[in-house]
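# A closer look at the structure
Spelled out from the first residue to the last, the chains are:
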Amino acid sequence: MTHSKNLPPRNLVPLIPVLNRRARRLARSPSEAEDLVQDTLLSLCQRLEDGDPIEDLPSYAMRTLSNRARRTWRQAATEELEDDHALTQPDALIRLDCADTLAAIAALPTPQRQLMNLVVAGETSPRALADATGLPLGTVMSRLARARAKLRLRLGDT
């Protein structure tokens, strides 16, 4: 277990090759991967300089890299949606899709349906779902996985 208290940023140097390999898998281009690694390293340096504790520096670094990659994907998806918003399907088709999805959720077994209703209400964090329901995190993850699999089958998604 590595604690970051008084860890100098040079302790990040051995992580750079691992972060580079992971970033190349997550990014669409080599330059995007480099930017992702640099952004991650800057964030880690700032956290270390602030003296915030990090229990396991390599794991935290990988998690930070993955989270930053996801943020990049979300931003790209949002930009694409904004660019293509003129091509949006009519609301009637969207409402039908939503109605089908809600009907499929209503047909789930009660424990899975309860979790999916919380997801529909806007709660997407498994940890927050576990806290809200009092269930262990593993149980929440398992029920969500089974519910999503049943929804994919019912709605015809593969």
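What counts and how
Within any chain, residue numbers begin from 1 and follow the written order of that chain's sequence. Whole-chain, interface and lining totals are the exception, using all residues; otherwise, since this is a predicted model, local features are given only for residues with pLDDT of at least 70 and side-chain atom pairs are given and counted only at 80 or more. As a convention, hydrogens and water are excluded, and side-chain values are obtained from all of the structure's heavy atoms. Helical segments are the DSSP runs of H or I of at least four residues, strand segments are the runs of E of at least two, and each set is numbered from the N terminus. Remark: exposure states derive from per-residue accessible area (1.4 Å probe, protein chains only) relative to the maximum for the residue type, with buried under 20%, exposed over 50%, and partly exposed in between. Whether two residues are in contact is decided by their heavy atoms, any of which lying within 4.5 Å being enough. In these tables, accessible area is a Shrake-Rupley quantity obtained with a 1.4 Å probe, and a residue counts as shielded only by the protein chains included in the view. Polar contacts here mean pairs of N or O atoms no more than 3.5 Å apart (in protein, one a potential hydrogen donor and the other a potential acceptor; neighbouring residues in sequence count only if both atoms are side-chain atoms).

### A few points about the overall build of the protein chain
- Each helix and strand in the protein chain was counted, giving seven helices and zero strands.
- Listed N to C, the secondary structure of the protein chain is α-α-α-α-α-α-α in terms of helices and strands.
- Counting all 158 residues of the protein chain, 25% fall into the buried class.
- Excluding contacts between residues fewer than 6 apart, the proportion of contacts in the protein chain whose partners are at least 24 apart in sequence is 63%.
- Total accessible area computed for the protein chain in this model is approximately 10,700 Å², and 54% of it derives from carbon and sulfur atoms.

### Considerations on the side chain of arginine 68
- Topologically, arginine 68 is positioned in helix H3 (residues 57-83).
- Using a relative accessible area of 15% as the deciding quantity, one classes arginine 68 as buried.
- Among the polar contacts made by the side chain of arginine 68, one reaches the side chain of serine 43 at a distance of 2.9 Å.
- If near-sequence neighbours (up to four positions away) are discounted, arginine 68 is found in contact with Leu36, Asp39, Thr40 and Ser43.

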